[in-house]
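# Summary of structural features
Listed below are the residues making up each chain.
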Amino acid sequence: MSTSSFTTFVTGFNYLEAPRWHDGRLWVSDFYKHKVVAIDMAGQVETVAEVPQQPSGLGWLPDGRLLIVSMRDQKILRREPDGTLAVHADLSAIAGGPLNDMVVDVEGRAYVGNFGFDLMGGAPMEVARLAVVTPDGQVSVAAEGLYFPNGAMITPDGRTLIVNETFCNRISCFDIQAGGKLGPRRDWAVFGPMPESRDIAELLPQAKVAPDGAALDAEGAVWVADAIGNRVLRVEQGGRVLAEVSTGDQGVFACALGGPDRQTLFLCVAPDFAEHLRAGAREAAIWSMRVQVPGAGLP
């Protein structure tokens, strides 16, 4: 399939990440506008939070309050009922770089990734720790040794956490144990060999797939945004690619399954992910496409 499969849902943003379908709308972070917006199916955009630092991952506590990853200062913010923002947790003791994506379980427990190093500054790659944050804001290490932990999903039964590792050709998973602790890492899908270099300019060409944001469907497959391949893949556990859709000359960095029946695939697209190019641009968009299998599990 090709870009003709998609329609433009909304456009005119800087750079969009972490789309989540919640309460009848698509919620998404616009990095360089420092905003979180919610978009209804008619394409009407509402700003729901203005964040001092760069926002990324989103999730909700059981009482409906929104949690927002604040990337640069390595904090999780909480949007109170009156719209004000409070610090929910400080992850600076765990994160080795800017915070990244997040998934929040039904009890309000958040699993949060981070870069592990200064990607935009050109630093060599370092492995990262995955954090877990309790509903009252207590922070601990959930897993270690991950290669840029990114898009995260929790299966409908609440027993498995799936985490994309953007820089090592794989998707990992963990059993979720009592109290939210994670079991040992295991492969969910492997696309190629581990990288042989820590230099990003050398590492990226070695990647078969660079799994970024992702969405789980009701058949247990995952839609994966390939951050270097200008494509979205539907992958089953074990790594077999069930579908591939090109995004042409646009990069795709995140996706979500939403709409009233959760059968609309939303893609966050932009020409690239370079901060110096995206920060002043208005080229980012969300594309949409109908799919046969609806979304499942926590977004």
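Scroll up to find the structure this text is about.
Notes on the structure in this doc start here. Chains are numbered independently. Their residues run from 1 in the order of the written sequence. Where totals are concerned, whole chains, interfaces and linings use all residues; where local detail is concerned, this predicted model gives features only for residues with pLDDT of at least 70, and gives and counts side-chain atom pairs only at 80 or more. Side-chain numbers here rest on the full set of heavy atoms in the structure, without hydrogens or water.

### Regarding the overall build of the chain
Secondary structure elements follow DSSP: runs of H or I of four or more residues count as helices, runs of E of two or more count as strands, with numbering from the N terminus. Within the chain one finds two helices and 24 strands. For 299 residues, the compact-globule estimate of 2.2 N^0.38 gives 19 Å, and the C-alpha radius of gyration of the chain, at 17 Å, lies within 12% of that figure. For the chain, the spread of C-alpha atoms along the three principal axes comes to 45 × 45 × 40 Å. Only protein chains enter the accessibility calculation, which uses a 1.4 Å probe; a residue is then buried when its area is under 20% of its type maximum, exposed when over 50%, and partly exposed in between. Counting every position in the chain, which comprises 299 residues, the buried fraction comes to 58%. Whether two residues are in contact is decided by their heavy atoms, any of which lying within 4.5 Å being enough. Nonlocal contacts in the chain, meaning residues at least 24 apart in sequence, comprise 45% of its contacts between residues at least 6 apart. Here, Shrake-Rupley sampling with a 1.4 Å probe gives the accessible areas, and only protein chains in the shown set may cover a residue. A total accessible area of about 11700 Å² is found for the chain, and carbon and sulfur atoms account for 47% of it. Only four residue types enter the charge count, namely Lys and Arg as positive and Asp and Glu as negative; His and the chain termini do not. Charge placement uses NZ in Lys and CZ in Arg. For Asp and Glu, CG and CD serve respectively. A gap of 2 Å separates the mean positions of the 25 positive and 36 negative side-chain charges of the chain. Radius of gyration: over C-alpha atoms. The globule rule applied is 2.2 Å multiplied by the number of residues raised to the 0.38 power.

### Thoughts on the pattern of salt bridges
When a carboxyl oxygen of Asp or Glu lies within 4 Å of a side-chain nitrogen of Lys or Arg, that pair is called a salt bridge. For the coordinates displayed, the defined rule picks out 18 salt bridges. Two residues, Glu107 and Arg109, come together in a salt bridge whose shortest N-O distance is 2.9 Å. Look at Arg109 and you get buried, because its relative accessible area is 11%. Two residues, Arg240 and Glu236, come together in a salt bridge whose shortest N-O distance is 2.8 Å. Judged by its relative accessible area of 51%, Arg240 is exposed. By sharing partners, the salt bridges in this structure join Asp63, Arg65, Arg78 and Glu80 into a single network.

### Some words on the sheet that holds strand β13 (residues 139–146)
Whether two strands pair depends on DSSP finding at least two bridges between them. Taken together, four strands build an open sheet; the order of strands is β10-β11-β12-β13 and the sheet is antiparallel. The sheet terminates laterally at β10 (99–104) and β13, the two strands that pair on one side only. Adjacent strand axes in the sheet meet at a mean angle of 25° when their direction is disregarded. Bridging between strand β12 (residues 128–133) and β13 involves five bridges; their strand directions are antiparallel. For every element, the axis is a line fit to its C-alpha atoms; helices are fit only across the contacting stretch, and the angle between N-to-C directions ranges from 0 to 180 degrees.

Just geometry here; none of it tells us what the structure is for.
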